[in-house]
Structures are given as C-alpha cells and as structure tokens.
Amino acid sequence: MTSAAPPRAAAPQSAAPRTATLASALNSALRDAMRDDPSVHVLGEDVGTLGGVFRITDGLAAEFGADRCLDTPLAEAGILGTAVGMAMYGLRPVVEMQFDAFAYPAFEQLVSHVARMRNRTAGRMPLPITIRIPYGGGIGGVEHHSDSSEAYYAHTPGLHVVTPATVADGYGLLRSAIASDDPVVFLEPKRLYWSKDDWSAEAPTPIEPIGRAVVRRQGSSATLLTYGPSLPVCLEAAEAARAEGWDLSVVDLRSLAPFDDETVAAAVRATGRAVVVHESAGFAGVGAEIAARVTERCFHHLAAPVLRVTGFDIPYPPPMLEEHHLPGVDRILDAVSKLQWEQ
Amino acid sequence: MTVLDHDLATAWTPDAHGPRRDPAPLLPESEPVRILGTPALRRTVDSPGGPELLRDLHRRLVVGRRFNQQATTLTKQGRLAVYPASTGQEACQIAVAGALRPGDWLFPSYRDTLAVVSRGVDPLETLTLLRGNAHCGYDPYEHQVAPLSTPLATQAPHAVGLAHAARLRGDSTVALAMVGDGGTSEGDFHEALNFAGVLNAPVVFLVQNNGYAISVPLAKQSAAPTLAHKAVGYGIQGRLVDGNDAVAVHTVLGEAVQHARSGAGPVLVEAVTYRLEAHTNADDAGRYRSAEEVAGWRERDPLTLMERHLREAGVLGDQEVAAAAAEAEELADRMRTLFHVKPELDPMSLFTHVYAEPTPQLREQAAQLAAELAAEAATGAER
C-alpha cells in the first residue's frame, strides 16, 4: 500500500481574490487530488456524465475519463463495497453518496468493513476511502433528502467524520480527507453548496488538517459550539446577540471525529458558558457527547449547564414545516438567555 | 482509453431497453458437472499430468479432512472459541487454491478456513479469528487472501472492486469470492453480481450450496431453479458442479477462473455439496435434519468418492493413501503443538491500529489501560 502524494502546497496569494461557492471549491479539491495522484478514483451514482446531482464532480469524467470518474449502478452498498476492493488493490477511492438518507444501504459496509479493516488486519490493510455525503436540511427537500446522519458515523470507531462550513475548508478538508490513509466520512452541508466566499481555485487555501476546530468569532460572554450547516446560523445569532449585550464566541468544530477537545475546552473556559448547536435530533446526538466532554473538562469554569439547541427528536419534517425544526437565531438566543446570567 | 464500454453505441436508442443479449449461453448446466464415475475420468487419467493431478487432489482432500477434524477437536479442548467445519465440503475448499495463481485474490467467508490454509496461509494465523486472539492473524498481502468475512456475502463486492482495480491497472489478476447458499439471499451478493456484470470484472463467485443456512434449508432460502441460474439475471455466466466431486470442482473452477482472466467476464459457480457437521460446534443439527439424510450424504463423502474412483482407475494405491494419511497426521500434530501454546496477548495493541495515528482520545484511553495494567502488575508482585 502506498501513501498518496502529499497534497500540493498552497499557491502564493498573489492572484486577485475571487469569489467561489463551496460546490466549486469541492470540485477543485477533487480535480487537484486526481491530477496529483493517479490512484484517486471517483465513483458513485451520476458522478460521470452528469457531474453529480449537485455538480460536485462536474467535468471530472471529461478530464480524467470514465474509469477514474465512474458512473456506477444504483446501489450504495455495492458502491462502497466495490471501493473497498479498489482500496485493497492500492487505489484511493472517493465515493459519492447522492443524499444523506440514500447512504444507509452502505451502512453495513461502512461499519463492518471500512471502519474496521485496518484494525482487523493489524494495520496491514488500511482503507484510504473518502465517503462524500451531502447532508442536512434547509433546501426544501422532500422526505429522505435532508437527514443529518453524523451521529451514526461519529459513533463508529475507525472512521474520521469531517464537515466543512466554509468555502476554503471545503477545499482544504477534502484534500486532507482524500490524502488520509484512514477512511473519512466527509459530510457536505448541502444548503451551503451555493454559499460564496473570497476564494480562488487558482490560489487555493492551505490544506486543512483533520481534527482541528477553529474559533470563527472571538467573544467573551458565551461560546457557541457548532459545525457544518449551523455555522452561518450561529454567526448570525452572535451578531444579533450584540443587541442583547452578549458577545459570543463561535467555534466551528469541522472534525467530529477525532474531536478537538483542546480548542473546544479553551474556548469554553474563556467564557464560562456554552451552547451546542446542530440540526440533527438532540437525543443521543453529537451535541450530547460534546456537552458531556465540555462538562468533564470545564466544570469548574462553567457558570451554567451546557445547553443544546438541536433539531427536535422527530423524523425529518416535510419541507413546508422544516423551518420549525431547524435551529434558528431566535432559538439559539433563547438558549443563551438561559445560561444563568446574573441580574 | 477506458476499459469500460461507455461509447456512444451504448447510449439510449429506441431499442436500448429491449432484450440486449441472448440469455441461453449464460445458463448453467441442467445437471451438475460430474467427472468421478463418468468416462471423463478416464480422459483425465490419460491426459499428460493427469494421474499426478488426481493423486494431488486426493492428497489435499485427505489433509483437508484432517484439518477439519483437528480444528473440531481443538474446540472441545477449549483451544478454539468456535469452529464452523467444512467437513464434507473439502472438495470445494481445496479446489479454490488449485484454481488460483499467485497474485490472484481469495475472498473467503468464515467457513472457508481450509481454503485459506490450502492457499498457503499458516493454520495458526488462519484460525486466530476462531481462536479469539486476533481478528485476522495473517497478512492479506502475503498470500493474496482477504480476511475471513463473517457478515455474509459482504466480501463479494470487495472481490469485484479488487478485480476491477486490477483490470484498470492492466494486471491479469482474478478475484474469487466464496459464499454459501444462505449468503445468496443477501443484498450484497446481488449487488456484487450486478457490479461484476456491469464492470465486466474478472471475478469468480463460488457458491457452496451445502443445503443449510444454519438450520434453514435451501427450499426456504430461494425459489431459484438453481443458485447458478441467478447469474443470468446479471448477464454473467452460470455454472453448476457436483461439489463433492473434487475433480469436477477443480475442472469447473479452473475454467471459470480462466474465463474471467481472459476478459470474457465474471462467472458464478454453484457447487452442490453438504455440510456433514453441524453449523458449528455450538449448533445441534439434530433439531432440523434427520440422521438418515446425513447418512445418505456420508455415502457421497468427497473423500471416499475420490479414493474409490481413483483406486478403480488404477491411479491410486495403498502407498499413496498411506502417504496422504501420514501428511495429514503431520499437519494434525503440528496444529496440536501450535495451539497448545497459549497465544501472546498485548492489551495495548487494542489501540495501535484503529487509525494510522491514534487520536488524542485514544491516547488518553491507552494511558488509562496502561495504568490499570501497571496497577495489576504491582498488586501481583506484592502477592
């Protein structure tokens, strides 16, 4: 088994910054990874001629051929199982699952083989597979198109679970995921696909290592801990909180597994109050783990219990009702107001 | 260049959804292929190298049977946690190793330990899963043998992916996946065959139809005419062979591997055989099948069939039979010696290979276990 060539270093930032979408940055990451390493192969439903239903693989089949960007039969377990065999033979497959809830048929391959093969074989048979999954709601999708399935994956030892929230991270984290010798579940917040930021494919941002959270907004009153599709909501809430006299920190976790206890604990200790925000159901969710970890590490620094703002414990609602389910600015501010402020 | 057929000829046309190929050539034989007890055996005897091949198959059957017996004994002595014996299926197990070349890949399931050993993997390393000291004790890359797969048929798509990757690289590698009759009901079996057909991957699926999925007989498992007929729905070749006829299995599997290697496409081989023992040592087969049924199949034991027909054909004598028995005893003796030594266990290894680099959380947990072990050792020393 060979390691991938190290990801290309970032180009100097001399080119004039331009705006790009998260979707285009992900596309650039795939293209650059395929150019740099001939063992990188993309496979999935509609990824070839169509370029994927979200166009993340647009142009890859034209540039690299149908073998390297493979339109597969419509069978998610078969896609991931085939990728396992390809990885065993030294390839570095990048699998696209079309939607979060369509990835469930691949769950057995993921849990029983992808996550365990390195461990099962005492390190002799690593599986460097990236599993890209568009996830989350907020796009008006009908049933089975808006799930937040991160807790299932984060609960599985042997997997890395990564989710970008910015255009730059879309590129940097996907490059790291593909270069990783471990399997990475790469959760793409689909409602941010069309979000724009200053970013240029000609001058890509540095490769972002997996496993590091980042403080997106430095505040002093309380700390919002969030990731993926909820990051922009939290940043908006932090702006709105200024009117209430609260100066909020916002931490973008980026990597759910491994978890960056260090950055998170430091950010919570600095304010003494914390709210975890995510879309998926709260019960037994990632937020429960985060709240427990923060409490274990920051108990004597906390002025209030760690609160969670999450989706309700319900099956994902029909699109015309999803606004009531998704954590919004008001619900986040309500939680912040309950952090036992002294009068 | 692409190895896949994605040119415009395959694009939609008004006729593209109609019948695309004649299914007849894909159909398996109407009766399982047999060689023992047929004129075909004489042809094998008379072919160059034929007698040597037949004696070698016999020898490996005898050794294989002894492997099954010794492993079963080891469970009774507490040396193995569990053993799903392939007793009665040895003809299939040894044929696999014979059909594959070095560089080809084997994807076994948990009952296929004899196939793994026949491929050259050490018995001690092969049986760690069933001994309980390690999940996969061998290096898959040393003999091109994937880890024994416990979730049924889930390794079949791996065989397809590996064969596909080999073909992309221009290698002549063939992958062979072993599945049981019960495993053919799994979705992964279906998806593997479908992908294999679409990708035209050089892969062979060997279904050992031993009559039972633990307790459930084939009649409750599938309404297919034969399991080999399942190939046709995926546009791949089906073959049907008597799984207790070692010469027939060797021949048909060899042809299937050659078919796949030549680029002609995947093959599904159903070998009709019988599980003479219970599902495992923990199972009671008397609850679901009769002694008469088992006795009937004992008369079709692959080992006795082979010995009888080869003796009749004049290619096997007392000397060869005794030599095979001696080699079998040697293996059994070696297994006893190997397994009567307690395995070395390193608790700290639990954390070593979860990821390429342990996460901070795993480092913490490893430190916790190390402290517990140190405390235990200190307590032990005080005593």
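Calculation criteria
- Residues numbered from 1 in each chain as written.
- Chains lettered and ligands numbered in written order.
- Predicted model: local features only at pLDDT ≥ 70, side-chain atom pairs only at ≥ 80, totals over all residues.
- Domains from an automatic or database assignment.
- Contact = placed C-beta atoms within 7 Å.
- Helix = DSSP H or I, 4+ residues; strand = E, 2+ residues; numbered from the N terminus.
- Nonpolar A, V, L, I, M, F, W, Y, C, P; charged D, E, K, R; others polar.
- Axes fitted to C-alpha atoms, helices over the stretch in contact; angles between N-to-C directions.
- Parallel < 35°, antiparallel > 145°, perpendicular 65-115°, else oblique.
- Left-handed = near helix turned anticlockwise from the far one by under 90°.
- Core = buried A, V, L, I, M, F, W, Y, C linked by C-beta atoms within 7 Å.
- Buried ≥ 20, exposed ≤ 12 C-beta atoms within 10 Å, placed from the backbone.
- pLDDT = per-residue confidence, 0-100.
- Arc of directions from axis to C-beta.
- Pairing = 2+ DSSP bridges.

**Observations concerning the domain arrangement of chain B**
Link 1 in the chain: Looking at chain B, the domain boundaries give domain 1 (23-339) and domain 2 (347-382).
Link 2 in the chain: A separation of 40 Å is found between the C-alpha centroids of domain 1 of chain B and domain 2 of chain B.

**Some points on the interface of chain B and chain A**
Link 1 in the chain: Listed as interface residues are 39 residues of chain B and, on the opposing side, 36 residues of chain A.
Link 2 in the chain: Broken down by secondary-structure element, the contributors of at least two residues to the side of chain B that touches chain A are helix 7 (140-143), helix 8 (156-169), helix 9 (187-199) and helix 15 (360-382) of chain B.
Link 3 in the chain: Residues of the side of chain B that touches chain A, tallied by class, amount to 23 nonpolar, 13 polar and 3 charged.

**Looking at the packing of helix 1 (residues 22-36) of chain A against helix 7 (residues 167-179) of chain A**
Residue and element names in this part refer to chain A.
Link 1 in the chain: Running from amino to carboxyl end, helix 1 crosses helix 7 at an angle of 30 degrees, the nearest separation of the two axes being 8 Å. When the interaxial angle is binned, helix 1 and helix 7 end up roughly parallel. At the point where helix 1 passes helix 7, the crossing takes the right-handed sense. Along its contact with helix 1, which presents Leu22, Ala25, Leu26, Ser28, Ala29, Asp32 and Ala33, the element helix 7 presents Val167, Gly170, Tyr171, Leu174, Arg175 and Ile178.
Link 2 in the chain: In terms of residue class, the contact of helix 1 with helix 7 is built from 9 nonpolar, 2 polar and 2 charged.

**As for the nonpolar core**
All names here are of chain B.
Link 1 in the chain: Within the largest apolar cluster, 198 residues are counted, with the highest numbers of intra-cluster contacts made by Val96, Leu176, Val203 and Val269.
Link 2 in the chain: Looking at this core, the element that brings in the most residues is helix 11 (residues 246-261), giving 9 residues.
Link 3 in the chain: Excluding residues within four positions of it along the chain, Val96 makes contact with Leu106, Ala115, Ser118, Leu176, Met178, Leu206 and Leu253.

**Some details on the domain arrangement of chain A**
Residues and elements named next belong to chain A.
Link 1 in the chain: Taken domain by domain, chain A consists of domain 1 (19-198) and domain 2 (214-337).
Link 2 in the chain: Placing a centre on the C-alpha atoms of domain 1 and another on those of domain 2 gives a separation of 26 Å.
Link 3 in the chain: With 26 residues of domain 1 at the contact, the number on the domain 2 side is 21 residues.
Link 4 in the chain: Secondary-structure elements contributing two or more residues to the side of domain 1 that touches domain 2 are helix 6 (150-154), strand 6 (160-162), helix 7 and strand 7 (184-189).

**With respect to the confidence of the model for chain A**
Link 1 in the chain: Of all residues in chain A, 95% attain a pLDDT of 70 or more, and the chain-wide mean is 94.
Link 2 in the chain: In this model, residues 1-13 of chain A is a region of pLDDT below 50 whose contacts with residues beyond four sequence positions or in other chains number 24 contacts.

**A few points about helix 4 (residues 107-114) of chain A**
All names here are of chain A.
Link 1 in the chain: Those residues of helix 4 not exposed but buried are Gln109, Leu110, His113 and Val114. Each buried residue of helix 4 sits inside an arc of 115 degrees when the element is viewed along its axis, so together they form one side.
Link 2 in the chain: On its buried side, helix 4 packs onto helix 3 (76-88), helix 5 (117-120) and strand 5 (130-135).

**A look at the environment of Arg55 of chain A**
Residues and elements named next belong to chain A.
Link 1 in the chain: Its location among the elements puts Arg55 in the loop between strand 2 (40-44) and helix 2 (60-64).
Link 2 in the chain: Residue Arg55 is classed as partly exposed on the basis of its 15 C-beta neighbours within 10 Å.
Link 3 in the chain: For Arg55 and Ser24, which are 31 residues apart along the polypeptide, the C-alpha to C-alpha distance reads 8.5 Å.

**A look at the sheet that holds strand 2 (residues 175-180) of chain B**
Residues and elements named next belong to chain B.
Link 1 in the chain: What the 5 strands build is an open sheet, ordered 1-2-3-7-6; its pairing is parallel. In the strand order of this sheet, the two ends are held by strand 1 (105-107) and strand 6 (237-242), each with one partner. The mean inter-strand angle of the sheet, taken between neighbouring strand axes irrespective of direction, is 20 degrees.
Link 2 in the chain: Pairing between strand 1 and strand 2: 3 bridges, direction parallel. Within the sheet, the bridge partner assigned to Phe107 lies in strand 2 and is Ala177.
Link 3 in the chain: With respect to the sheet, helix 8 is in contact with strand 1, strand 2 and strand 3 (203-209), its orientation differing from that of strand 2 by roughly 170 degrees.

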